Amino acid sequence: MPSSDVTVIRAADWVVAWDSDRADHVYLEGADVAWRGGALVQVGGRYQGPVTRELSGRGRMVMPGLVDIHAHTGDELLAKGLFDDIGSPGLWGQALYQFSTLLDADAEAVAACTELTLASLACSGVTTVVDIGGPWDGWLDRLAASGLRAYAAPSFRQARWDASSGHRLDYLWDVDGGRARFEAALRVVDDARAHPCGRLDALLAPAQVDTCDEALLRDAHAEARRRGIGLTIHAAQTMAEHEELMRRHGLTAPAWLDRIGVLDERVILGHAIFLDHHRWTRLRTASDLARLAERGTSVAHCPTTFARSGMTLESLGGYRRAGVNVGLGTDSYPFDMIAEMRDALVCARIAAGDVFDCGVGDVFRAATVAGARALGRDDIGRLAAGARADLVVVDLEHPAMGPVHDPLRSLVLTAGERAVRDVFVDGAHVVADGRMLAFDRAEAAARVAAGQRRAVAHLASATGAHGDATIDHIAPRCLALGGPR
Ligand SMILES: [Zn+2]
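Keep in mind it's a predicted model, so treat the numbers as computed, not measured.

Undergrad: Explain the overall build of the protein chain to me, and be specific about the residues and the numbers.
TA: Helix and strand counts for the protein chain come out as 14 helices and 19 strands. Relative to the globule expectation of 23 Å for 485 residues, the C-alpha radius of gyration of the protein chain, 22 Å, shows essentially globular dimensions. Along the first, second and third principal axes, the C-alpha atoms of the protein chain reach 70 × 60 × 45 Å. Within the span of the protein chain, comprising 485 residues, buried residues form 58% of the whole. A separation threshold of at least 6 residues defines the contact pool for the protein chain, and within that pool the share at least 24 residues apart is 74%. Entry remark: accessible area of the protein chain is about 19500 Å², with carbon and sulfur atoms responsible for 49%. If the 51 positive side-chain charges of the protein chain are averaged to one point and the 64 negative ones to another, these points end up 2 Å apart.

Undergrad: Provide a residue-level description of the pairing of strand E5 (residues 60–64), including the pertinent values.
TA: For E5, the buried fraction is high: 5 of the 5 residues fall into the buried class. Pairing geometry for strand E1 (residues 6–19) and E5, over 2 bridges, is parallel. From the neighbouring strand, valine 15 faces E5, where its bridge partner is valine 62.

Undergrad: Can you explain the coordination of the zinc ion? Please cite residues and give values.
TA: Geometry reference: four tetrahedral donors at a metal, ideal angle 109.5 degrees. Six octahedral donors, ideal angles 90 or 180 degrees. Around the zinc ion, the donor atoms from the protein are His70 (NE2), His72 (NE2), His234 (NE2) and Asp331 (OD), and they sit 2.0 to 2.6 Å away. Every donor counted, the 4 donor atoms about the zinc ion form angles of 83 to 164° at the centre, which fits irregular coordination. Spacing between the donor residues of the zinc ion along their common chain follows H-x1-H-x161-H-x96-D. Separated by 162 residues along the polypeptide, histidine 72 in the loop between strand E6 (66–71) and helix H1 (107–123) and histidine 234 in strand E12 (residues 230–235) bring together distant segments of the chain. Both residues of the pair, histidine 72 and histidine 234, count as buried.

Undergrad: How would you sum up the packing of H1 against helix H2 (residues 139–146)? Please name residues and give values.
TA: Geometrically, a packed helix pair is captured by the angle between its two axes and the distance between the axes. Their axes nearest at 10 Å, the elements H1 and H2 cross at an angle of 25°. Between H1 and H2, the interaxial angle falls into the category roughly parallel. As for how H1 packs across H2, the hand of that crossing is right-handed. When H1 is examined against H2, the residues Ala111, Thr114, Glu115 and Leu118 are found in contact with a partner set consisting of Arg142, Leu143 and Ser146.

Undergrad: I'd like to hear about the packing of aromatic side chains, residue by residue, with values.
TA: Following the criterion strictly, the structure yields 8 aromatic pairs and no others. Both rings, one in tryptophan 92 and one in tryptophan 280, keep their centres 5.8 Å apart while their planes meet at 20°; by these two values the pair is stacked. Of this pair, tryptophan 92 sits in the loop between E6 and H1 while tryptophan 280 sits in the loop between strand E13 (267–271) and helix H7 (288–295); the two residues are 188 residues apart in sequence, bridging distant segments of the chain. Residue classification places tryptophan 280 among the partly exposed residues on the basis of a relative accessible area of 27%. Members of the aromatic cluster, joined through ring pairs, are Trp92, Phe274 and Trp280.

Undergrad: Got a sec to walk through the environment of isoleucine 260? Specific residues and values, please.
TA: Mapped onto the elements, isoleucine 260 comes out in the loop between helix H6 (253–259) and E13. For isoleucine 260, a relative accessible area of 3% gives the class buried. Between the alpha carbons of isoleucine 260 and arginine 226 there is a distance of 18 Å; along the sequence they are 34 residues apart. Isoleucine 260 has contacts with Glu214, Leu217 and Arg218, leaving out every residue within four places of it along the chain.

Undergrad: Before we move on, can you summarise unusual backbone geometry with the specific residues and values?
TA: Cis geometry is found at the peptide bond from tyrosine 333 to proline 334, where omega equals 15°. Among the secondary structure elements, proline 334 is positioned in the loop between strand E15 (325–328) and helix H10 (337–352). The peptide bond linking glycine 402 to proline 403 adopts the cis configuration, its omega dihedral lying at -5°. Relative to the assigned elements, proline 403 resides in the loop between strand E16 (391–395) and helix H12 (407–415).

Undergrad: Any chance you could break down the pattern of salt bridges for me, citing the residues and the numbers?
TA: What the rule picks out here adds up to 36 salt bridges. Across the pair aspartate 258 and arginine 291 runs a salt bridge, and its minimum N-O distance is 3.4 Å. Here aspartate 258 is found in helix H6, whereas its partner arginine 291 is found in helix H7, with 33 residues between them in sequence. Between arginine 365 and aspartate 362 there is a salt bridge; the shortest N-O distance is 2.9 Å.

Undergrad: Can you break down the pairing of strand E14 (residues 298–301) residue by residue, with the values?
TA: Of the two faces of E14, both are covered, the one formed by Ser298 and Ala300 as well as the one formed by Val299 and His301. In terms of strand pairing, E13 meets E14 through 3 bridges, oriented parallel. Among the inter-strand pairings, leucine 269 is bridged to a residue of E14, identified as valine 299. Inspection of the sheet shows E14 paired to E15 by 4 bridges, in the parallel sense. By the bridge assignment for E15, alanine 300 is matched with glycine 327.

Undergrad: Summarise the domain arrangement of the protein chain; cite the residues concerned and give the values.
TA: Assigned domains of the protein chain: these are domain 1 (6–64 + 386–436) and domain 2 (66–374). Listed per partner, the contact involves 26 residues of domain 1 and 26 residues of domain 2. When the area that domain 1 buries against domain 2 is broken down by residue, the three leading residues are Val412, Glu417 and Met436, summing to 29%. Between the two partners, domain 1 and domain 2, sit 3 salt bridges. Residue arginine 365 is joined to aspartate 24 by a salt bridge in which the shortest nitrogen-to-oxygen separation is 2.8 Å. Summed over the shared surface of domain 1 and domain 2, the result is 5 residue pairs in polar contact (both at pLDDT 80 or more).

Calculation rules
- Residues numbered from 1 in each chain as written.
- Predicted model: local features only at pLDDT ≥ 70, side-chain atom pairs only at ≥ 80, totals over all residues.
- Heavy atoms only, no water.
- Helix = DSSP H or I, 4+ residues; strand = E, 2+ residues; numbered from the N terminus.
- Rg over C-alpha atoms; globule rule 2.2 N^0.38 Å.
- Buried < 20%, exposed > 50% of the residue type's maximum accessible area, 1.4 Å probe, protein only.
- Contact = heavy atoms within 4.5 Å.
- Areas by Shrake-Rupley, 256 points an atom, 1.4 Å probe, with all protein chains shown as cover.
- Lys, Arg positive; Asp, Glu negative; His and termini not counted.
- Charge placed at Lys NZ, Arg CZ, Asp CG, Glu CD.
- Pairing = 2+ DSSP bridges.
- Donors = N, O, S within 2.8 Å, 3.2 Å for Na, K, Ca; no water.
- Tetrahedral: all angles 85-135°; square planar, octahedral: opposite > 155°, others 65-115°.
- Axes fitted to C-alpha atoms, helices over the stretch in contact; angles between N-to-C directions.
- Parallel < 35°, antiparallel > 145°, perpendicular 65-115°, else oblique.
- Left-handed = near helix turned anticlockwise from the far one by under 90°.
- Phe/Tyr/Trp six-rings, centres within 6.5 Å; stacked < 30°, edge-to-face > 60°.
- Salt bridge = Lys/Arg side-chain N within 4 Å of Asp/Glu carboxyl O.
- Domains from an automatic or database assignment.
- Buried area = accessible area lost by both parts, 1.4 Å probe.
- Polar contact = N/O pair within 3.5 Å; in protein donor to acceptor, adjacent residues only side chain to side chain.

Structure follows, in structure tokens:
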């Protein structure tokens, strides 16, 4: 957008505006939203200044773009449909360690997955994404080309998991190799922050709390502090990891990170489910939530992926009441931030056994301002003059939305991404009439499907723990194939 051009969405039926006195989102009816270049100049009332482009707000809700603080665009899609019904019984039913590591994505598959994932996120109203993974050649350029605001979080670790036994998690350490990957990640972080598109930033991303040693975590945190950026790490994400940390240190993940000085307001913990109060841990303390709140550490809550494995945070409302900043992420597929909000609400109420644990407004705050706060920002996740023009236009007349007594409830609980019409980032159109402009979603989907076929064929020919087992043996389809027996 030329910096002097003014766009106005005129008289939107509903606008989700930021009320600085309340420090909260509020509904406005029949209100204008105007931006100049990439920044909002007016939210509410009627914009009286000269206008370059005028869009009708009739039958529309304008809301802030969603902030996804935990996604893996690179290869998660390749596992779709394969490992959703299986897991390792000896590892709390998780498929992560024994199965998710079986598929190798080639370079073309990674590029295709990234495009399809970014398109899916944009079409569900995401305007900012934290992308953990990689790094690979062309990654930053893909992120930039998407039109989204993106935090590249190139991950690195010193240990790989070995769960080939099916009942035990072992760690194959390569301390020096992990150090080299850390150095490489620092270069990618600096490249992202210097990218000419102006929409890229970065986080340091030691991959998991159980796969990096203390010295590396301390050094990564120091580099994040030196650059003034955040750090994200998977922590308290499974019971297998929890038990490993208890065995190594006698501490939960947050307690250990706190002890080594890597727990503060610049840190986002991926998932943070198995804290000491979680019933599965059977610990006799309940101090982790207070520790996270005191340190100002944020949590990236990704309910959908974990609910698929039969586990969830206990509970979103409980974390919020303890003063913990919880943002939302999409982690793996379906890469639908509105579905993630709905699952966050449902999981919270089931985990707490209480319909009052949290409401639609709470999950919407988690998906907007809480994510922004986790990234240290007050200029995204809200619609207010001076904030970035990152916004979503929802079609109130979509049949799945009606009747629209409360538009966010209709969107989150019923219509989902189907009602997302237009998405703007820095004032520029990224999704128009439900279609991602930068990438062809259907074409990317076809390339991902081809990539999955290659990965499955490669698995069938690979040797190792599963010998020559095919995917049909490892992960049978949910129904048997019909026809003659
Ligand atoms: Zn993750």
